[in-house]
Amino acid sequence: MAVPLFDIKPQNQALAEDLQAAFTRVLASGQFILGPEVQNFERQCAEYLQVRHALGISSGTDAILLALMALGIGPGDEVICPSFTFFATAGCVARTGATPVFCDVRADTFNLDVADAARRITPRTKAIMPVHLYGQAADMAAVNELACRHGLKVIEDAAQAVGATQGGQHIGSLGHCGAFSFFPTKNLGAFGDAGLFTTNDDALAEHARLLRMHGAYPKYYHRWIGGNFRLDAVHAALLAVKLPHLDGFARRRAANAARYTEYFAKLPSIGARLILPAAQPGNGHTWNQYTVRVPGAGRRDALRDWLAARQIGTEIYYPVPLHAQACFAALGQTDADLPVSARLASEALSIPIFPELTTTQQDEVIGAVTEFIGAGR
Ligand SMILES: *Cc1c(COP(=O)(O)O)cnc(C)c1O
């Protein structure tokens with residue numbers, strides 16, 4: 001039986017009636033850019049995330065870029081971010097004219113190593129961007145303490161972790177501002193590209209709101225240079241249908257994760273051959289990905305091929321750490337300087353975890369991984 005890494009169709013099919021009603025409403029309204037549908041979704045998000053301001057944005061990438069622009073980050077500035085993350089985190093820093101400075105991550109959480117970040121602070125450092133990778137919060141208490149000590153802004157790349165909490169508080173409300181993505185594979189999956197910018201800072205929210213519309217105030221008068229970072233009404237209306245179900249989706253993801261861990265933990269010499277992901281105490285993990293580590297030269301790729309031969313979908317998030325990307329070569333950061341990021345890029349493998357994964361499908365994955373380990377591979 002084929003098991004896809006991800007399938008959004010059953011989730012949307014179950015909500016089809018409500019989604020179609022929302023679409024019909026937007027169609028009839030004739031108002032497609034911002035407007036009441038976006039305002040309604042923003043209110044819903046602000047309440048859910050317990051944050052003062054939530055702005056609908058065109059994508060997660062644009063939300064990160066907007067956050068940097070709203071904080072006034074640009075040429076001559078440095079922004080510290082993990083090397084082991086999706087490209088957009090650092091790509092946006094470079095697009096503002098600032099320099100991304102990569103820090104290493106922790107092997108147990110895949111999230112930034114705050115002690116390593118601290119070593120990389122210079123007089124030019126303006127901000128730090130923790131990423132809540134795979135749906136689990138980075139250590140925000142430590143990040144905020146470091147940032148406070150050095151006068152840095154904290155931008156949360158919350159793209160993979162909508163709904164995740166730390167100490168009972170939602171991520172995206174813990175730093176100066178946060179950026180969420182509703183790319184279809186994220187836990188709150190849109191119907192195209194969509195994102196959200198969040199902050200508790202009234203002035204920052206106001207500035208971001210202006211930059212979302214080319215920095216104009218009033219209309220056609222530009223004191224600032226912004227962009228078109230707006231969320232479409234149709235996406236807002238459809239996402240508003242799905243948001244009330246988000247915690248339910250996350251509970252099913254968590255149940256799938258717990259079941260994988262229950263079975264895999266029983267495999268022989270498991271710790272040395274397959275390292276399982278875990279939620280840290282105090283973290284509400286939303287399991288956007290269930291990512292195992294397969295140590296040993298070539299073993300991760302061997303497991304991936306083994307699963308592919310059984311029609312089981314997997315993905316490598318991410319095969320090349322950002323410091324090793326061709327476009328960042330001129331920054332001169334090396335594997336020796338970022339050893340954990342380099343190692344994880346060769347060990348990480350994400351397996352199917354989506355909420356609608358059936359027990360039969362999951363058994364197929366568990367069986368195939370068990371066979372691989374059992375075969376002494
Ligand atoms: C998905 C993602 C983004 C970008 O979001 P888009 O909506 O695809 O633009 C940024 N950072 C991380 C860590 C992501 O996973």
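Residues numbered from 1 in each chain as written. Predicted model: local features only at pLDDT ≥ 70, side-chain atom pairs only at ≥ 80, totals over all residues. Heavy atoms only, no water.

1. Let's talk about the pairing of strand S4 (residues 125–128)
Remark: a regular strand shows side chains that alternate across the two faces of the sheet. Convention followed: Here, any two strands with at least 2 DSSP bridges between them count as paired. Helix and strand definitions here come from DSSP, where helices need a minimum of 4 consecutive H or I residues and strands a minimum of 2 consecutive E residues; each element is numbered from the N-terminal end.
Relative to S4, strand S2 (residues 78–82) runs parallel, the two being bridged by three bridges. Paired with Glu78 across the bridge in S4 is Thr125.

2. Digging into the sheet that holds strand S8 (residues 177–181)
We count it as follows: Lines fitted to the C-alpha atoms define the axes, with helices restricted to the stretch that makes contact. Angles between their N-to-C directions range from 0 to 180 degrees. Contacts are residue-level and defined by heavy atoms, with any inter-residue pair within 4.5 Å sufficient.
The seven strands are arranged S1-S9-S8-S5-S4-S2-S3 in an open sheet whose pairing can be described as mixed. Of all strands in the sheet, those with a lone pairing partner are strand S1 (53–57) and strand S3 (99–103), marking the two edges. Taken over all neighbouring pairs, the strand axes of this sheet differ in orientation by 25 degrees on average, direction set aside. Pairing geometry for S4 and strand S5 (residues 153–157), over two bridges, is parallel. Within S5, the residue paired with Ile128 across the bridge is Val154. On the sheet, helix H7 (residues 140–150) packs against S4 and S5 and is oriented at approximately 150 degrees with respect to S5. Where helix H8 (residues 202–211) meets the sheet, its contacts fall on S1, S8 and strand S9 (195–199), and the angle it forms with S1 comes to roughly 15 degrees.

3. Concerning the layout of surface pockets
Put simply, the test is: Method remark: on a 1 Å grid restricted to protein atoms, a set of points is classed as a cavity if a 1.4 Å probe fits but cannot get out and as a pocket if it is open with protein on both sides within 12 Å along at least five of seven lines; lining residues have an atom within 4 Å of a point. Grid points are joined across faces, edges and corners, and a volume is the space filled by probe spheres set on the points.
Of the volumes computed, that of the largest pocket is approximately 380 Å³. Phe86, Ser181, Phe183, Lys186 and Tyr318 are the residues nearest the centre of the largest pocket, which is lined by 23 residues in total. Broken down by secondary-structure element, the contributors of at least two residues to the lining of the largest pocket are helix H4 (60–70) and helix H5 (88–95). Per-element tally for the lining of the largest pocket: the top contributor is H4, with three residues.

4. Thoughts on H7
Counted only if it meets this: Burial classes: relative accessible area under 20% of the type maximum marks a residue as buried, over 50% as exposed, and values in between as partly exposed (1.4 Å probe, protein chains only). It is the directions from the helix axis to the C-beta atoms that the arc portrays.
By the burial criterion, the buried members of H7 are Met140, Val143, Leu146 and Ala147. All buried residues of H7 lie within an arc of 130 degrees about the axis, which places them on one face of the element. Along H7, exposed side chains directed more than 90 degrees from the buried face belong to Ala141, Cys148 and Arg149. Where H7 ends, the next residue or the one after it, Gly151, has phi of about 65 degrees, a positive value.

5. Digging into the site of the ligand
Operational definition: Whether a residue is near a molecule or strand depends on its heavy atoms: it is near if one of them lies within 4 Å of it. All accessible areas in this document rest on Shrake-Rupley with a 1.4 Å probe, and a residue is counted as covered only by the protein chains that are shown. For a cavity or pocket, the test is whether more than half of a molecule's atoms lie within 2 Å of its grid points; if they do, the molecule sits there.
Looking at the ligand, there are 16 residues lining it, with Gly60, Thr61, Gln160, Ser181 and Lys186 nearest. For the ligand, whose free accessible area comes to 380 Å², the fraction covered by protein is 93%. For the ligand, the cavity whose grid points lie within 2 Å of the majority of its atoms is the largest pocket. Elements that contribute at least two residues to the shell around the ligand include exactly H4 and H5. Looking at the shell around the ligand element by element, the count peaks at three residues for H4.

6. Some remarks on empty space enclosed by the protein
Worth spelling out the cut-off: As a working rule, the residues Ala, Val, Leu, Ile, Met, Phe, Trp, Tyr, Cys and Pro are called nonpolar, Asp, Glu, Lys and Arg charged, and the rest polar, with Gly in that last group. Delimitation of the domains relies on an automatic or database domain assignment.
Under the definition given, this model contains three cavities of 30 Å³ or more. For the largest cavity, the lining is made up of 13 residues, of which Phe110, Tyr134, Gln136, Pro277 and His285 are closest to its centre. Of the residues that constitute the lining of the largest cavity, the class distribution is seven nonpolar, five polar and one charged. Both domain 1 (9–104 + 111–243) and domain 2 (245–374) contribute no fewer than three residues apiece to the lining of the largest cavity.

7. As for the side chain of Thr89
Test applied: N or O atoms within 3.5 Å of each other form a polar contact, as long as, within protein, one can give a hydrogen and the other can take it, and as long as residues adjacent in sequence are counted only when both atoms are side-chain atoms.
One can find Thr89 in helix H5. Using a relative accessible area of 0% as the deciding quantity, one classes Thr89 as buried. At 2.8 Å, the side chain of Thr89 and the side chain of Asp157 are in polar contact.

8. Structural notes on the domain arrangement of the protein chain
For the record, the criterion: In this description, buried area is defined as the sum, over both parts, of the accessible area (probe of 1.4 Å) that is lost when the two are combined. Salt bridges are identified by distance alone: a Lys or Arg side-chain nitrogen within 4 Å of an Asp or Glu carboxyl oxygen.
Segmentation of the protein chain into domains returns domain 1 (9–104 + 111–243) and domain 2 (245–374). Relative placement of domain 1 and domain 2: their C-alpha centres are 25 Å apart. The interface is formed by 40 residues belonging to domain 1 together with 36 residues belonging to domain 2. For the pair domain 1 and domain 2, the two sides together bury roughly 3200 Å², of which 54% comes from carbon and sulfur. Where domain 1 touches domain 2, the interface holds one salt bridge. Residue Arg120 is joined to Asp337 by a salt bridge in which the shortest nitrogen-to-oxygen separation is 3.0 Å.

9. Remarks on the sheet that holds strand S10 (residues 283–284)
Pairing in this open sheet of three strands is antiparallel, and the strands run S7-S6-S10 from one edge to the other. Sheet topology places strand S7 (169–170) and S10 at the edges, where each strand pairs with a single neighbour. In the sheet, strand S6 (residues 165–166) pairs with S10 via two bridges, with the strands oriented antiparallel. Looking at S10, one finds that Thr165 is bridged to Gly284.

10. Quick notes on the nonpolar core
Just so we agree on the cut-off: What we call a nonpolar core is a set of buried Ala, Val, Leu, Ile, Met, Phe, Trp, Tyr and Cys residues that are connected through their side-chain atoms within 4.5 Å.
Phe41, Ile128, Ile171, Phe180, Phe182, Leu188 and Leu196 are the most contacted members of the largest nonpolar core, which totals 43 residues. The set of elements that each furnish at least two residues to this core consists of helix H3 (36–49), S3, helix H6 (114–119), H7 and helix H9 (233–242). For this core, the leading source of residues is H3, giving six residues. Discounting chain neighbours no more than four positions away, the residues touching Ile128 are Ile80, Leu112, Ala117, Val143, Leu146, Ala147, Lys153, Val154 and Ile155. Core analysis: the second largest hydrophobic core is formed by 32 residues, Leu55, Ile57, Leu65 and Phe102 among them.

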